[in-house]
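# Commentary on secondary and tertiary structure
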Amino acid sequence: MITKIFPRIIFMGTPEFAVPTLDILLKNNYNIVAVVTAPDKPAGRGLKLSMSPVKEFALQHQLKVLQPTNLKDPEFIQLLQELQPDLQIVVAFRMLPEVVWNLPPLGTYNLHASLLPKYRGAAPINFAIINGEKITGVTTFKIQREIDTGHIALQQSIEITPTDTAGTLHDKLKIIGAELMLKTVQFIEKNELTLQAQDDSEVCYAPKITKEFCHINWNQPSEKIYNFIRGLSPYPGAYTFYPANDKKILWKILFGNIIQQASQSAPGTIVSDNKKYIQVATQDGYISITQIQAEGKKAMNVEEFLRGNKVESGKVLV
């Protein structure tokens, strides 16, 4: 395989979501002159320095890696200039200063996991499911000053199935996103890309998710709770508290099913046989928990959980 001389590409990304895009560009012989990713972070009990998934992949393919702590650092900017990129590709990275995104003559293009202008922000996959969307997708766009507002290059839609979680949807979108970015780069290379302005009347947002946001409110319709659980699974996880004596035990609810039957109990009330099922009353029925994770424990299915934990019917989750 012969690597193309043009365009010279700098790739920017950090998490697993970004790896397939870098991979597909390499497999199509694009000239990746450098990869920019987050600095190594302490992780695990021993706080051993851990590389980002993008860095691991880049090193396996003998690519030059840059890990700036400050994207406005003059030394970093000079390094980028010396690399003489024609184009920059960004997937799941930090907000770039103008001096960086405005550097290459062909521009800087970002992959976003929604059909922009819907779900601008940090958590588009989560909020598409939480809000009960049936369709989502990926967008490539040319970066400009305001985040996620640039002119659209290409879009690809995908169905959200009734059992999709943030995790399963993430894994689908990272693949179709990589394919879409490859098409985008191919159009740019041939000077055949037509950009389209976003329709600001369609804008909605997907802000960064906080721990407080993930607390389940059982006094809602079952479908809304079901979507909330799916949209936060497997990470960061929707949670509730089980009252035990004088303390509250945090449970992450990672999956469940809707039971379409009227509830006579207050929302949050548990119904369980302590062997095979835990059901929780909602505003209009029940959620049957199928996957659960107690604080400090591993995730497990409900039957496995009940083998090691006694659950009292009639208690109310808070």
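The coordinates are above.
Note that this is a predicted model, so its numbers are computed, not measured. (Residues numbered from 1 in each chain as written. Predicted model: local features only at pLDDT ≥ 70, side-chain atom pairs only at ≥ 80, totals over all residues. Heavy atoms only, no water.)

This part takes up helix α3 (residues 74-83). All of the buried residues along α3 are F76, I77, L80 and L83. End-on, the buried residues of α3 take up no more than an arc of 120 degrees, which puts them together on one face. In α3, those exposed residues whose orientation departs by more than 90 degrees from the buried face are P74, E75 and E82. If you follow the buried residues of α3, they end up packed against β1 (8-13), β2 (31-36), β5 (65-66), β6 (87-91) and α4 (98-101). For α3, the N-terminal cap is D73; the gap from its side-chain oxygen to the backbone nitrogen of E75 is 2.9 Å. Directly beyond the C-terminal end of α3, a positive phi value near 50 degrees is found at Q84. (Buried < 20%, exposed > 50% of the residue type's maximum accessible area, 1.4 Å probe, protein only. Helix = DSSP H or I, 4+ residues; strand = E, 2+ residues; numbered from the N terminus. Arc of directions from axis to C-beta. Contact = heavy atoms within 4.5 Å. Polar contact = N/O pair within 3.5 Å; in protein donor to acceptor, adjacent residues only side chain to side chain.)

With that settled, consider unusual backbone geometry. Trans peptide bonds make up most of the peptide bonds, and negative phi angles are found at most residues other than glycine. Residue P7 is reached from F6 by a cis peptide bond, and omega for that bond is -5 degrees. With respect to the helices and strands, P7 occurs in the segment before β1. Of note, the amide linkage connecting Y235 to P236 takes the cis form, showing an omega dihedral of 5 degrees. Within the secondary structure, P236 is located in the loop between α7 (222-231) and β10 (238-244). Of note, the phi angle at N274 is positive, near 60 degrees, even though the residue is not glycine. Tracing the sequence through the fold places N274 in the loop between β12 (270-272) and β13 (278-281). Residue class for N274 comes out partly exposed when judged on its relative accessible area of 23%.

To continue, consider the state of the cysteines. Under the definition given, this model contains zero disulfides. Here C204 is not disulfide-linked; the sulfur of C214 is the nearest cysteine sulfur, at 19 Å. Among the residues examined, C204 registers a relative accessible area of 22% and is labelled partly exposed. (Disulfide = S-S within 2.5 Å.)

Take the side chain of Q198 next. Residue position: Q198 is located in the loop between α6 (166-189) and α7. A distance of 2.9 Å separates a polar atom in the side chain of Q198 from a polar atom in the side chain of R120. Once residues within four sequence positions are removed from consideration, Q198 is found in contact with L116, P117, R120, D148, T149, G150 and I152.

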